[in-house]
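Overview (structure and organization)
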Amino acid sequence: MRWSEAFIPTLRDDPADAEAVSHKLLVRGGYMRQLMAGVYSMLPLGQRVRAKVMAIIKEEIDSIGGQEFLLPQLHPSTIWEETGRIETMADIIMSFEDSKGGTVILGPTHEEIFATVATELTSYKQLPQLWYHIQTKFRDEARPKSGLLRVREFTMKDSYTFDVDFEGLDLQFDRHLGAYKRIFDRLGMDAVAVRASSGAMGGKESVEFMVRSDVGEDEVAACSSCDYAANLETATSTLAAIEDPGGMSEPERFATPGVRTIADLEVFDGGARSDRQIKTLVYLLDGEPALVLLRGDHALQEQKLADTTQSIEVRAAHAEEINNILGADAGSLGAVAVDGERILADEQLRGRRAMTTGANANDFHLRGVDIERDIAVNEWHELRTVEAGESCPNCDGVLEVFPTIEVGHIFKLGTFYADKLGLSVLDENGTMIPIVMGSYGIGVERNMAASIEANHDEKGIVWPIEIAPYHVVITVVRPDDERSSEVSAAIYDELTAAGVEVLLDDRKERPGVKFTDAELIGIPLRITIGPRGLESGVVEFAERRSGERRDVAIANAASEVLAFLEAAHS
RNA sequence: CGGGACGUGGCGCAGCUUGGUAGCGCGCAUCGUUCGGGACGAUGAGGCCGUCGGUUCAAAUCCGACCGUCCCGACCA
């Protein structure tokens, strides 16, 4: 492709509405343009990269036995009613009414639709199956952001597995795990597989693939010495036990005028260290109130609360609701002598004595509280949020916590869809058994963006070879110089014939502009051809990633490019 | 959904407080000089000032409503 004929609208300035590096570079580099919030047009460069990402994904899923389908984007709402997800996913589902008055859903994902096709599976002999497609998804995200990282219309590869039992599911799951690792590796990302919350969708187990990034939305706790890594939503740690002093025979109430926070009580005369206080939170779990108790210096992990109580809607009670339930305001709450409310306590409070907590009367607290004696805890759970610096639960290493981008998520769905949609086969005894499903997603555009987050410098994008829109850019310093254009055309032809994707920068621009653009759009190798080098029979190679430059004899240019590509692939 | 900011040529912005001919940089077009790291000069094209309504002799500017975009939070199989 000649750059002079290509549509590559690069921009000198960062777009005003971009924050994330990948967003800025994709727009500045002429890869895409925004149409509306969370919806982007892919320009030629963007589409080339997108196609390459899809090709890699397809290759890896095919390699573990995947069969490619193409299921519709338009779904009848009735199928979504059968699984109940029209309710649970209501906030992101986009739909419209057709001319007959029926509701049509723009597919946010395809479990229901693949499962519908799978009703044709009737015998155990037909299993296992691994089906997938690469399709546009629509999700009305409340807040699209960061360019391609969080959008409302995007492409996803989603695969689904169908097995006779959980052993089969485990095998398919492990194969996907391997395929996904290879995919992220080829996309130039160091993805960590972490255990995740499977959410409210009846999943037994799920693994997320996370790439470290400042613009990530999920936090991961990872051990610096072993391979422990988990989404903060499920992460645990080992904490040193705290020695409590001798207790009292019963709690003692004392006045604490103006004390409203854990920190206030720490410095209050007669107060207590935060790790010797009990924090009392009031939550509504699917509308039902519950008291949640934590050590004073610990933070609640709401997802753990939701998972452990099987709740869909979890939220902190409002000030008014708190007062109605406990008769005091936040800052003076406690669970001592509370009767008739569901009380959940974090494991870290087990056995603690002589603790200080609110007295359920404004401006009063209790000291000398023995949890097991004085509080009617109904359930003990792991509920707190792990913090950086704590000890790894698996070894004696230290945990670090950092933001990440979720680039893939794989689920063991189990028999949820089989139960809802009647997926079953007859086994060898003629008994009807439910089909065990798994589902496995990768967002194509999000992975493009995540790859940029992981592969860029102050000059622009640094694409991994496999997904670069072009392998090589030939920068013709003086396109009006006859010898320059002859040599560049010759090298261009030779490389193209060898299957190399080359962008020939023959624009009538100053060299600086061309160098800057080539670096911005991130082509892995630049060949600079100008009169100065040609005089001594050479062209210049400049590697984007290392910045390394070297002169190469004209005659060797093409073969050296092939060697470079070869080396980069291995 | 709560909080905040912003909407002015293709891009980035000023002008609005104090109403009166719409401006700057980049980019774009033509010509000339340049030409191995974002050149210079000359000339020129390009704007329903987000939309609707109100106030006024007169609105980019004041008032109201709406729409849109971004950021923080909530949310996110």
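Attention here is on the structure that accompanies the text. (Residues numbered from 1 in each chain as written. Chains lettered and ligands numbered in written order. Predicted model: local features only at pLDDT ≥ 70, side-chain atom pairs only at ≥ 80, totals over all residues. Heavy atoms only, no water.)

Turning to the overall build of chain A, a few remarks are in order. The helix and strand inventory of chain A stands at 16 helices and 31 strands. In terms of overall dimensions, chain A has C-alpha extents of about 100 × 65 × 50 Å along its principal axes. For chain A, the residues scored as buried account for 52% of the 570 residues in total. Expressed as a percentage of contacts within chain A between residues at least 6 apart in sequence, the contacts between residues at least 24 apart total 69%. Looking at chain A as shown, the accessible area adds up to about 25400 Å², and 47% of this sits on carbon and sulfur atoms. In chain A, which carries 57 positive and 96 negative side-chain charges, the distance between the mean positions of the two groups comes to 4 Å. (Helix = DSSP H or I, 4+ residues; strand = E, 2+ residues; numbered from the N terminus. Buried < 20%, exposed > 50% of the residue type's maximum accessible area, 1.4 Å probe, protein only. Contact = heavy atoms within 4.5 Å. Areas by Shrake-Rupley, 256 points an atom, 1.4 Å probe, with all protein chains shown as cover. Lys, Arg positive; Asp, Glu negative; His and termini not counted. Charge placed at Lys NZ, Arg CZ, Asp CG, Glu CD.)

This next bit is on the packing of aromatic side chains. Summed over the entire model, instances satisfying the criterion amount to eleven aromatic pairs. Put simply, the rings of Phe69, Phe114, Trp131, Tyr160 and Phe162 pair up and form one aromatic cluster. Lying across the ring of Phe254, Arg367 places its NZ or CZ 3.8 Å from the centre. Between Lys412 and the ring centre of Phe173, over which it is positioned, the NZ or CZ distance is 4.8 Å. (Phe/Tyr/Trp six-rings, centres within 6.5 Å; stacked < 30°, edge-to-face > 60°. Lys NZ or Arg CZ within 6 Å of the ring centre and 35° of its normal.)

Let us look at the environment of Ala497. Here Ala497 shows up in helix H13 (residues 482-497). On the basis of relative accessibility, which here comes to 71%, the residue Ala497 falls in the exposed class.

Structurally, the position occupied by Glu141 is in the loop between strand E7 (129-138) and strand E8 (153-163). Of the residues examined, Glu141 reaches a relative accessible area of 17% and is grouped as buried. Residues in contact with Glu141, not counting those within four places in the same chain, are Arg150, Val151 and Arg152.

For the rest of this paragraph, the subject is the protein's contact with RNA strand B. Near RNA strand B there are 47 residues, and of these Arg143, Arg150, Glu519, Arg532 and Arg549 occur at the shortest range. Taking all atoms of RNA strand B within 4 Å of the protein, the share assigned to sugar and phosphate is 52%. At a separation of 3.2 Å, a phosphate oxygen of RNA strand B approaches a polar side-chain atom of Gln34. Contacts to RNA strand B include Arg532, whose side-chain N or O atom sits 2.5 Å from a sugar or linking oxygen. Residue assignment for the surface near RNA strand B shows that the elements contributing at least two residues are strand E1 (32-36), helix H14 (511-521), strand E29 (525-529) and helix H15 (531-535). The leading source of residues in the surface near RNA strand B is H14, at seven residues. (Near = heavy atom within 4 Å. Polar contact = N/O pair within 3.5 Å; in protein donor to acceptor, adjacent residues only side chain to side chain.)

Another aspect to go through is the sheet that holds strand E28 (residues 502-505). Sheet architecture is open: five strands sit in the order E28-E27-E29-E30-E31, paired in mixed fashion. In the strand order of this sheet, the two ends are held by E28 and strand E31 (549-553), each with one partner. In this sheet, neighbouring strand axes are inclined to one another by 25° on average, regardless of whether the strands run parallel or antiparallel. In this structure, strand E27 (residues 472-476) lies alongside E28, joined through four bridges in parallel fashion. Its bridge partner lying in E28, Val472 is registered against Val502. Contacts between H13 and the sheet are confined to E27, E28, E29 and strand E30 (538-543), with E29 contributing the most and set at about 150° to the helix. The sheet contacts of helix H16 (residues 557-569) involve E27, E29, E30 and E31, and relative to E30 the element is tilted by about 15°. (Pairing = 2+ DSSP bridges. Axes fitted to C-alpha atoms, helices over the stretch in contact; angles between N-to-C directions.)

Right, let's talk about the pattern of salt bridges for a bit. One pass over the structure, following the stated rule, counts 41 salt bridges. A salt bridge links Arg85 to Glu111, with the nearest nitrogen and oxygen atoms 3.3 Å apart. Residue Arg85 is located in helix H4 (residues 85-88), and its partner Glu111 is located in helix H5 (residues 111-117); the two are separated by 26 residues in the primary sequence. Both residues of the pair, Arg85 and Glu111, count as buried. Two residues, Glu205 and Lys412, come together in a salt bridge whose shortest N-O distance is 3.3 Å. Separated by 207 residues along the polypeptide, Glu205 in strand E10 (residues 205-212) and Lys412 in strand E21 (residues 399-414) bring together distant segments of the chain. Looking at Lys412, the relative accessible area reads 10%, which means it is buried. (Salt bridge = Lys/Arg side-chain N within 4 Å of Asp/Glu carboxyl O.)

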